[in-house]
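Topology and contacts: notes
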Amino acid sequence: MKEMIYKENNILLPICVANFTEDEWHNLYQDSKDYAPCFGITPHEWPAAEVKKRIIPQHEGEIVMPGGHLTLEQLITMLDTLPMEITFVDADNFNRYFNDGEKAFKRPSMAIDREVFSCHPPKIEPMVRAIISDLRAGKRDQLPIWMEKNGKPYLVNYMAARDKAGNYVGTVEVVQDMSFAKDHFLPSK
């Protein structure tokens, strides 16, 4: 342990000081908040880094987000690879996005840019309106619903999408076939 401390103090840290930019130090400070204190040592607050906004470099032809950057093709492929159906309904209740792939609950492409309520059978519409209303009003942040369809267990989770300021920007619906987990919870024979 003493050798590691020596190497950090006399090799690693001097190299970092000589090569890191101020922005890199600020980003390192911000990233370190994601980790629990180690050996009971609580990090000191760095006021200059607290007020500094993280600079996200632009990447031409890519979608830049706080967590990284992707080409449109990479983003689409990533979302289509996830083993779940994803729907995004905006704050005005319009369908804006469905990921592609096999679906337990069919979503025709002509439903994009149409009000979400028009895509549901009349007997289910009041339930959908109530769910979205509760999410919008902050009465709940999500509503998980377990159901069986065609002999398979599904988890349908409705979640409020909120921006950093807490403003409602829409509803995300995620449908996941839970068959893969069923065997892990059944008693062994």
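In case you missed it, the structure is sitting above this.
This section reports on the structure supplied with the text. (Residues numbered from 1 in each chain as written. Predicted model: local features only at pLDDT ≥ 70, side-chain atom pairs only at ≥ 80, totals over all residues. Heavy atoms only, no water.)

**A closer look at the pattern of salt bridges**
Note the cut-off: Note on definitions: salt bridges are taken to be side-chain nitrogens of Lys or Arg within 4 Å of carboxyl oxygens of Asp or Glu. Helix and strand assignments follow DSSP, with helices taken as H or I runs no shorter than four residues and strands as E runs no shorter than two, numbered in order from the N terminus. Accessible area is worked out with a 1.4 Å probe on protein chains only. A residue is then buried under 20% of its type maximum, exposed over 50%, and partly exposed in between.
Throughout the structure, instances matching the rule amount to 10 salt bridges. We note a salt bridge from Glu3 to Lys7, for which the minimum N-O separation is 3.0 Å. Here Glu3 and its partner Lys7 are both found in helix H1 (residues 2–19), 4 residues apart, which amounts to about one turn of the helix. Given the relative accessible area of 52%, Glu3 is considered exposed. Of the charged contacts, one joins Glu50 and Lys33 as a salt bridge, the two residues approaching to 2.8 Å between their closest N and O atoms. Highlighted residues: Glu50 in helix H3 (residues 47–51) and Lys33 in the loop between helix H2 (22–32) and H3, separated in sequence by 17 residues. Take Lys33: its relative accessible area is 42%, and that puts it in the partly exposed class. Counted as one network, the salt bridges with shared partners bring together Glu85, Arg107 and Glu173.

**Quick look at the environment of Met147**
Worth spelling out the cut-off: Working rule for contacts: check all heavy atoms of both residues, and any pair within 4.5 Å makes them a contact.
Inspection of the secondary structure puts Met147 in strand S5 (residues 142–149). When the C-alpha positions of Met147 and Leu13 are compared, they lie 55 Å apart, and in sequence the two are 134 residues distant. Aside from chain neighbours lying at most four places away, what touches Met147 is Phe105, Lys152, Pro153, Tyr154 and Val156.

**A few points about the sheet that holds strand S6 (residues 152–162)**
Neighbouring strands of a sheet are bound in pairs by backbone hydrogen bonds; such pairs are parallel or else antiparallel. Keep this limit in mind: When DSSP finds two or more bridges between a pair of strands, those strands are recorded as paired. The axes are straight lines fitted to the C-alpha atoms, using for helices just the contacting stretch, and the angles between their N-to-C directions are given from 0 to 180°.
Taken in spatial order, the 5 strands of this open sheet run S4-S3-S7-S6-S5, and their pairing is antiparallel. The sheet is open, and its two edges are formed by strand S4 (95–98) and S5, each paired on a single side. Within this sheet the neighbouring strands show an average axis-to-axis angle of 15°, counted without direction. Relative to S6, S5 runs antiparallel, the two being bridged by 8 bridges. Of the residues in S6, the one forming a bridge with Met147 is Tyr154. Here helix H5 (residues 125–137) sits on the sheet and contacts S5, S6 and strand S7 (168–177); the angle it forms with S6, its principal contact strand, is near 40°.

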